[in-house]
Amino acid sequence: MTLAALALAIALGAGAPPGAGPTVRVGSKTFTESVVLGELAAQLAASAGARAQHRAALGGTRVVWEALRRGEIDVYPDYTGTLWREILGEAPRDLAALRAALAREGAGATASLGFEDNYAIGLRRDVAARLGVRRISDLERFPRLRFGFTNEFLDRSDGWPALRARYRLPQEDVRGLDHDLAYRAIEEGAIDATDLYSTDAELRRRDLAVLEDDRRAFPVYQAVLVYRLDLAARAPAALAAIRRLEERISADEMIDLNARAQLDRVPAPEVAAAFLRAKLDVRPAVAADGLLRRVLRRTAEHLALVAVALSAAIVAAVPLGIWAARRRRAGRIVLGVVGVVQTVPSLALLVFMIPLLGIGARPAIAALFLYALLPIVRGTHAGLTGIAPELREAAASLGLPPRARLRLIDLPLALPHVLSGVKTSAVITVGTATLGALIGAGGYGQPILTGVRLASVPLILEGAVPAALLALAVQGAFDLVERGLVPRGLRGANG
Amino acid sequence: MPGPVLALDRAVKRYGPGAQVGPLTIAARPGETLALIGPSGAGKSTVLRLLLGLLSPDDGAVRLDGAPLRAGDPSVRRRFGYVIQGGGLFPHLTAEANVALVPRWLRWSPARLAERVRALAALTRFPEEALARFPSELSGGQAQRVGLMRALALDPDLLLLDEPLGALDPITRAELQDDLRRVFAELGKTVVLVTHDLAEAAFFSRRLVLLRDGRVAQEGTLEELARAPADAFVSAFVHAHRAVALPERA
């Protein structure tokens with residue numbers, strides 16, 4: 001537990017850059033434009049003396065909005081149409097009305113950053129040419145076309161449902177996939193059409209035809225920065241600096257920034273810094289971390305997640321396993337419940353935690369904790385119920401009280417099983433913790449996530465290789481612990 | 001004659017419809033060695049577990065010093081020493097730790113503990129240098145001696161043994177038989193011993209209880225069983241055992 005506390009302290013310490021000003025935490029959604037805008041806001045806040053953090057690619061609209069409402073982040077980039085429909089659930093009106101509505105939720109919005117990012121539909125250029133499709137209304141005639149939409153677009157009321165209703169689209173092969181993966185699916189010919197943002201870097205490429213929204217299904221999405229109203233009092237200088245972005249980014253410039261980040265694979269902090277230097281004459285002090293420092297910081301974050309979750313799981317699961325072994329019926333229920341938890345997809349479990357615990361390390365630890373339970377409960381249960389009948393009888397005949405019997409005989413006999421359960425949990429936890437980055441918990445998942453977004457193998461490896469090494473190290477460490485803890489008489493007996 | 005120290009009083013243990021052991025009335029008198037014999041499935045081990053309190057009877061009673069046995073009471077438990085086939089040693093503990101398990105938990109002083117273990121090793125002729133070994137590193141005979149030491153650690157007044165010499169080679173078995181009989185005689189404890197071997201039962205005990213199908217077929221000395229068998233089963237059981245007629249050594 002001390003190790004866990006230490007690792008947590010390092011991780012928390014590593015998250016905050018030095019500086020004396022107020023802390024400003026910026027969040028962003030899981031696509032490149034949002035990450036770049038978030039980075040711009042964070043660097044501007046830092047240039048005004050704030051201790052700025054950017055929790056990049058936290059999640060979808062609801063995740064980031066909830067994080068703002070809970071005060072886990074202070075600022076994030078969003079779009080007027082999204083705010084109206086997804087957050088406020090009303091038909092879009094003007095910016096003044098939007099600000100008034102957001103104020104009731106404790107939030108404010110900047111003026112437009114200068115560009116719109118509207119939904120659009122992109123069709124493979126060769127398909128568009130062959131079929132003669134130029135407008136979205138033309139799609140009605142080709143029911144066999146295959147659509148691959150982002151999951152958010154599929155679910156949003158102003159996305160696919162609105163589009164299909166407005167244009168009476170008959171297509172049935174409609175799949176949900178990640179935005180950045182959709183482009184690759186188009187490239188490989190796995191799908192014919194996808195949803196686009198009108199500032200996507202990919203629009204610079206030739207293989208997509210953007211279809212005209214001739215019946216005006218999509219609302220207008222002006223980019224703004226949403227912030228907590230208390231920021232004005234807490235960090236006025238930082239807020240003023242962030243507002244310097246208002247009306248400063250044109251649609252073409254945004255496409256450029258996206259292309260730099262996504263196609264040229266320049267890290268978002270550098271893309272943002274270059275823009276701020278050129279456009280606003282701001283020279284932010286972004287010391288880009290070296291590879292070693294990055295890996296060390298993420299190792300600390302990752303270890304903290306694993307150590308806290310695993311320690312808590314051991315503390316909870318061993319007694320549960322003991323209880324399950326003692327009462328047969330309760331035991332079946334306990335094993336069943338922890339087994340069901342295990343079947344919940346890890347991503348879903350992480351997202352379930354957000355309404356309860358917000359974003360960051362806490363919900364990730366809670367989800368990892370739940371995941372780590374099953375192998376330990378099962379190991380403890382198997383170890384205890386597997387004790388040979390004659391040893392059980394010998395133990396019963398000695399006249400030790402139950403607690404002493406458990407400590408002196410039953411648990412030591414079950415120890416190899418318990419430890420192998422803990423080892424399994426530890427290795428699973430190291431792997432699953434990479435998903436923690438999806439909800440802002442950091443760790444090795446961060447570069448993997450960015451790497452997937454940017455289709456950058458080196459970035460993916462920057463997270464995947466240390467994660468694999470850590471899993472091996474954890475396995476090795478537990479082998480040593482096993483050798484130290486399991487008495488000679490039991491070794492090899494339980495594999 | 002003093003009253004029985006440990007007894008079954010019309011005790012019944014049911015295992016399902018039509019399958020039961022008992023009703024049984026068996027009494028062990030202070031200081032005697034009582035042997036329970038019978039073919040496999042006769043209920044010998046069930047009787048022993050009832051006497052030990054590891055099973056409780058569905059009908060009738062188990063009595064210790066004439067009062068119902070309070071099996072859950074630790075002070076009652078510690079009046080029993082129990083030796084099972086193969087020793088039943090805990091594999092995670094050394095021979096010494098197996099013997100010293102309960103005394104150590106009772107916080108005996110190290111000096112007292114060491115003295116007790118040494119005395120038990122001498123009594124059971126267990127080599128002291130093997131005390132640090134784990135059960136997997138002991139021979140079958142050694143493991144059985146450790147099981148006996150563990151049962152005797154708290155100096156109980158009742159010693160119950162379930163096939164203590166099964167699965168041992170003949171030489172080891174004969175050695176242990178001699179040692180066990182000597183130990184029983186030296187300590188003067190009340191002993192109940194389960195065996196399927198008539199010769200072994202008669203070697204340890206004057207009084208034999210022959211069980212069949214969960215009931216007492218006959219109780220008495222070996223001569224009584226042989227001369228006046230209660231039924232054909234007793235006669236068959238007694239005569240199924242053949243003595244080896246060894247020729248004179250040259």
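Predicted model only: the values in this text are computed from it and were never measured.

Draft legend 1. Up close: the sheet that holds strand S9 (residues 207-212) of chain B. Residue and element names in this part refer to chain B. Strand order across the open sheet formed by 6 strands is S6-S7-S8-S3-S9-S10, with mixed pairing between neighbours. Because the sheet does not close on itself, it has two edges, and the strands there are strand S6 (80-83) and strand S10 (215-220). For this sheet the average axis-to-axis angle between neighbouring strands, irrespective of direction, equals 15°. Pairing analysis gives 4 bridges linking S6 to strand S7 (residues 158-162), with the strands arranged parallel.

Draft legend 2. Unusual backbone geometry, seen in detail. Residue and element names in this part refer to chain B. Its identity is not glycine, yet aspartate 65 carries a phi of approximately 50°, on the positive side. Position of aspartate 65 among the secondary structure elements: in the loop between strand S4 (59-64) and strand S5 (67-68). Here aspartate 65 falls in the partly exposed class, since 13 other C-beta atoms lie within 10 Å of it. Of note in the backbone geometry, aspartate 213 takes a positive phi value of approximately 50° without being a glycine. Residue class for aspartate 213 comes out partly exposed when judged on the 14 C-beta atoms lying within 10 Å of it.

Draft legend 3. Geometry of the environment of Asp155(A). Residues and elements named next belong to chain A. Of note, aspartate 155 is situated in helix H7 (residues 151-155). A tally of 14 C-beta atoms within 10 Å means that aspartate 155 is categorised as partly exposed. With 21 residues separating them along the chain, aspartate 155 and glycine 176 place their C-alpha atoms 9.5 Å apart.

Draft legend 4. Spotlight on the sheet that holds strand S9 (residues 208-211) of chain A. All names here are of chain A. Sheet architecture is open: 5 strands sit in the order S7-S6-S8-S5-S9, paired in mixed fashion. Unpaired on one side and paired on the other, strand S7 (174-176) and S9 mark the two borders of the sheet. The sheet shows a mean angle of 35° between the axes of neighbouring strands, taken without regard to direction. Two elements, strand S6 (residues 147-149) and strand S8 (residues 193-197), share 2 bridges in a ladder whose sense is parallel. Looking at the pairing, glycine 148 lines up with threonine 194 of S8.

Draft legend 5. Main features of helix H5 (residues 140-152) of chain B. Residues and elements named next belong to chain B. The end-to-end C-alpha distance of H5, which contains 13 residues, comes to 19 Å, matching closely the 18 Å that a straight helix rising 1.5 Å per residue would cover. The buried count for H5 comes to 12 of 13 residues, which makes it a mostly enclosed element. Residues Gly141, Gln142, Ala143, Gln144, Arg145, Val146, Gly147, Leu148, Met149, Arg150, Ala151 and Leu152 constitute the buried set of H5. Contacts from the buried residues of H5 go to S6, helix H3 (95-105), helix H4 (110-123), S7 and helix H6 (170-187).

Draft legend 6. Focus on the interface of chain B and chain A. Between chain B and chain A, the contact holds 20 residues from the first and 20 residues from the second. Elements represented by at least two residues in the side of chain B that touches chain A include exactly helix H2 (74-77), S6 and H3 of chain B. Counted by class, the side of chain B that touches chain A contains 14 nonpolar, 4 polar and 2 charged residues.

Draft legend 7. View of the confidence of the model for chain B. Put simply, chain B has an average pLDDT of 87, and 98% of its residues get 70 or more. For this predicted complex, the interface confidence comes out at an ipTM of 0.85, alongside a pTM of 0.70.

Draft legend 8. Structural context of the confidence of the model for chain A. For chain A, the mean per-residue pLDDT works out to 85, and 94% of the residues sit at or above 70. For the stretch residues 1-18 of chain A, pLDDT sits under 50, and the model shows 23 contacts to residues farther than four places along the chain or on other chains.

Draft legend 9. Main features of the environment of Leu459(A). All names here are of chain A. Among the structural elements, leucine 459 can be located in helix H21 (residues 457-485). Judged by the 20 C-beta atoms lying within 10 Å of it, leucine 459 is buried. When the C-alpha atoms of leucine 459 and glutamine 446 are compared, they prove to be 9.3 Å apart, with 13 residues separating the residues in sequence.

Draft legend 10. Here's a closer look at the environment of Leu368(A). Residues and elements named next belong to chain A. With respect to the helices and strands, leucine 368 occurs in helix H17 (residues 361-385). For the pair formed by leucine 368 and valine 306, sequence separation is 62 residues and the distance between their alpha carbons is 7.6 Å. Residue contacts for leucine 368: discarding those within four places in its chain leaves Leu305, Ala309, Thr429, Thr432 and Ala433.

Draft legend 11. Fine view of the pairing of S7(B). Residues and elements named next belong to chain B. In terms of burial, S7 is largely enclosed, as 5 of its 5 residues are buried. Burial along S7 is two-sided: Leu158, Leu160 and Asp162 and Leu159 and Leu161, pointing in opposite directions, are all buried. Note: S7 against strand S8 (residues 190-194), 5 bridges, orientation parallel. Looking at the pairing, leucine 161 lines up with leucine 193 of S8. Handedness of the crossover joining S7 and S8 through H6: right-handed.

Draft legend 12. Broad picture of the nonpolar core. Residues and elements named next belong to chain A. Grouped together as the largest cluster of nonpolar side chains are 192 residues, with contacts concentrated most on Ala45 and Leu305. The element that contributes the greatest number of residues to this core is helix H14 (residues 291-326), accounting for 16 residues. Among the nonpolar cores identified, the runner-up in size contains 24 residues, and Ala120, Ile136, Phe153 and Leu208 belong to it.

Draft legend 13. Summary view of the packing of H5(B) against H6(B). All names here are of chain B. For the pair H5 and H6, the least separation of the axes is 10 Å and the interaxial angle reads 25°. Classified by the interaxial angle, the pair formed by H5 and H6 is roughly parallel. In this structure, H5 crosses over H6, and the sense of that crossing is right-handed. Judged by residue contacts, Gly140, Gly141 and Gln144 of H5 engage Thr172, Glu175 and Leu176 from H6. Split into classes, the residues belonging to the contact of H5 with H6 amount to 1 nonpolar, 4 polar and 1 charged.

The rules behind each value
Note on numbering: residues in each chain are counted from 1, in written sequence order. Chain A is the first chain written and ligand 1 is the first ligand written, with later ones labelled in order. Local features are withheld for residues below a pLDDT of 70 in this predicted model, meaning they are given only at 70 or higher, and side-chain atom pairs are given and counted only at 80 or more; totals for whole chains, interfaces and linings count all residues. Any two strands between which DSSP finds at least two bridges are classified as paired. Secondary structure elements follow DSSP: runs of H or I no shorter than four residues count as helices, runs of E no shorter than two count as strands, and numbering proceeds from the N terminus. Between the N-to-C directions of two axes lies an angle of 0 to 180 degrees, each axis being a line fitted to C-alpha atoms and, for a helix, fitted only over the stretch in contact. Neighbour counting defines burial: a residue surrounded by 20 or more other C-beta atoms within 10 Å of its own C-beta is buried, one with 12 or fewer is exposed, and intermediate counts give partly exposed, using backbone-placed C-beta atoms. How far a helix is expected to stretch is found by multiplying one less than its residue total by 1.5 Å. Contacts are defined on C-beta atoms placed from the backbone: any two residues whose C-beta positions lie within 7 Å are in contact. In the scheme used here, Gly and all other residues not listed as nonpolar or charged are polar, with Ala, Val, Leu, Ile, Met, Phe, Trp, Tyr, Cys and Pro taken as nonpolar and Asp, Glu, Lys and Arg as charged. A residue's pLDDT is the predictor's confidence in that residue, given on a scale from 0 to 100. Seen with its strands pointing away from the viewer, a crossover is right-handed when the path leading from the first strand over the helix to the second is clockwise. We define a nonpolar core as a collection of buried residues of the types Ala, Val, Leu, Ile, Met, Phe, Trp, Tyr and Cys that are connected via C-beta atoms lying within 7 Å of each other. Orientation categories follow fixed angle ranges, with anything under 35 degrees roughly parallel, anything over 145 roughly antiparallel, 65 to 115 roughly perpendicular, and all other angles oblique. Handedness of a crossing follows from how the near helix is turned relative to the far one, being left-handed for an anticlockwise turn of less than a right angle and right-handed for a clockwise one.

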